[in-house]
Amino acid sequence: MNKLVKPKKFLGQHFLTDLSVAQRIADTVDACPDLPVLEVGPGMGVMTQFLRTKPRPLKVVELDFESVEYLRRTWPDMEDNIIEDDFLKMHLENTFGGEPFVLTGNYPYNISSQIFFKMLDYKEFIPCCTGMIQKEVAERLAAKPGTKAFGILSVLVQLWYDVEYLFTVPPTVFNPPPKVQSAVVCMKRNSRTSLPCDYSLMKRIVKQAFQQRRKMLRGSLRGIIPADHPLGTMRPEQLSVEQFIALTNEVAGQTAQG
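Residues numbered from 1 in each chain as written. Predicted model: local features only at pLDDT ≥ 70, side-chain atom pairs only at ≥ 80, totals over all residues. Heavy atoms only, no water.

A.B. asks: Explain the overall build of the chain here, please?
C.D. replies: Per the secondary structure count, the chain includes 9 helices and 9 strands. Taking 18 Å as the expected radius of gyration for a compact globule of 258 residues, we find that the chain reaches 20 Å, a close match to that expectation. Projected onto the principal axes, the alpha-carbon positions of the chain cover approximately 70 × 40 × 30 Å. The 258 residues of the chain split such that 51% are buried. Of all intrachain contacts in the chain linking residues separated by at least 6 positions in sequence, the fraction that spans at least 24 positions is 65%. Of the roughly 12,500 Å² of accessible surface on the chain, 52% is carried by carbon and sulfur atoms. Across the chain, the mean location of the 31 positive side-chain charges is 9 Å away from that of the 28 negative side-chain charges. (Helix = DSSP H or I, 4+ residues; strand = E, 2+ residues; numbered from the N terminus. Rg over C-alpha atoms; globule rule 2.2 N^0.38 Å. Buried < 20%, exposed > 50% of the residue type's maximum accessible area, 1.4 Å probe, protein only. Contact = heavy atoms within 4.5 Å. Areas by Shrake-Rupley, 256 points an atom, 1.4 Å probe, with all protein chains shown as cover. Lys, Arg positive; Asp, Glu negative; His and termini not counted. Charge placed at Lys NZ, Arg CZ, Asp CG, Glu CD.)

A.B. asks: Looking at this structure, how should I read the sheet that holds strand E4 (residues 82–84)?
C.D. replies: Here 7 strands make up an open sheet; going across it, the order is E4-E3-E2-E5-E6-E9-E7 and the pairing mixed. Both edges of this open sheet fall to E4 and strand E7 (161–169), since each of them pairs with a single strand only. Neighbour to neighbour, the strand axes of the sheet diverge by 20° on average, direction disregarded. Examined bridge by bridge, strand E2 (residues 37–40) and strand E3 (residues 58–62) share 4 bridges and lie parallel to one another. Bridge pairing links valine 40 to valine 61 in E3. On top of the sheet, helix H3 (residues 65–74) reaches E3 and E4; it is set at about 160° to E4, its chief contact. Packed on one face of the sheet, helix H5 (residues 135–142) meets strand E6 (128–134), E7 and strand E9 (182–189) and runs near 140° to E6. (Pairing = 2+ DSSP bridges. Axes fitted to C-alpha atoms, helices over the stretch in contact; angles between N-to-C directions.)

Okay, structure coming up:
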C-alpha cells in the first residue's frame, strides 16, 4: 500500500478526490487530439491515471518530492516521464523534442496566473491549454469586454487564445477543501500568427490602464494619450482586444513622430 501524500499549504496543494471530476478534466485534452500532454502538478496522480489511458505521449512535472516518489512507486513505467522541477523555471521548448503539446493540470492556485503568463511566452509550443483553477481566475480568462472580470489577464491571453469556461467545481471534492470555488477552462490558439503592434508597449498600456481601472483612460493613461482622445472617457474594461491593439499603434505612431 502506497503511503498517501499530505497536501502542503506552502505549495498551494489541494488534492482532487472525486474520480468522476478528475476524468472530466483529463478528457478536456481531447479538444486537441494527437498532441503529447504535459500535466502540471499531478500530486498523487488522480488525473494522471486517466491521461495515461490516452494514446499519446504524457509527461508530468511536479515540484513536491513526496508526490514525485509516490508517482514513481505507483507507475514505475513512467520513470522517464516524471519531471521533478518547478514548472515556472522550466525551458519548455524541448519538453517533447521541439514538438507542440497540450498543457493541462489541476494547477496550484497560488501560481495559476504565472502559469498562464508562462504559457504566453511559449505560445508557439502550446496550441492548447486546459485544466482547473480557481473560479475567479477562470472568469477573468474568459471574460468579455464590458464585464467586471475583464482585465489584464483577459486581454493578454485573448490576444492569442480563444477561452472557453467549461464547468464549475465545488470545494467539497478536494482535500483539503479550498476556500474558493474552482472551474475548468479550455484555451485554444486563435488564428492570430503575429501581433500587428509593439507587444511590450501594449503590455505597458494594458497594465497601466487596469491598475487604475475605475478611472477613465484619460486619467489612467495621462501622458500617454491626449485628454481629448476619443477613447478618453472610457474605462479599460470597455475596450476590446482589437481596440487595445489600435490604441497601441496610435501611441507608437505619436512617439515616432515626436
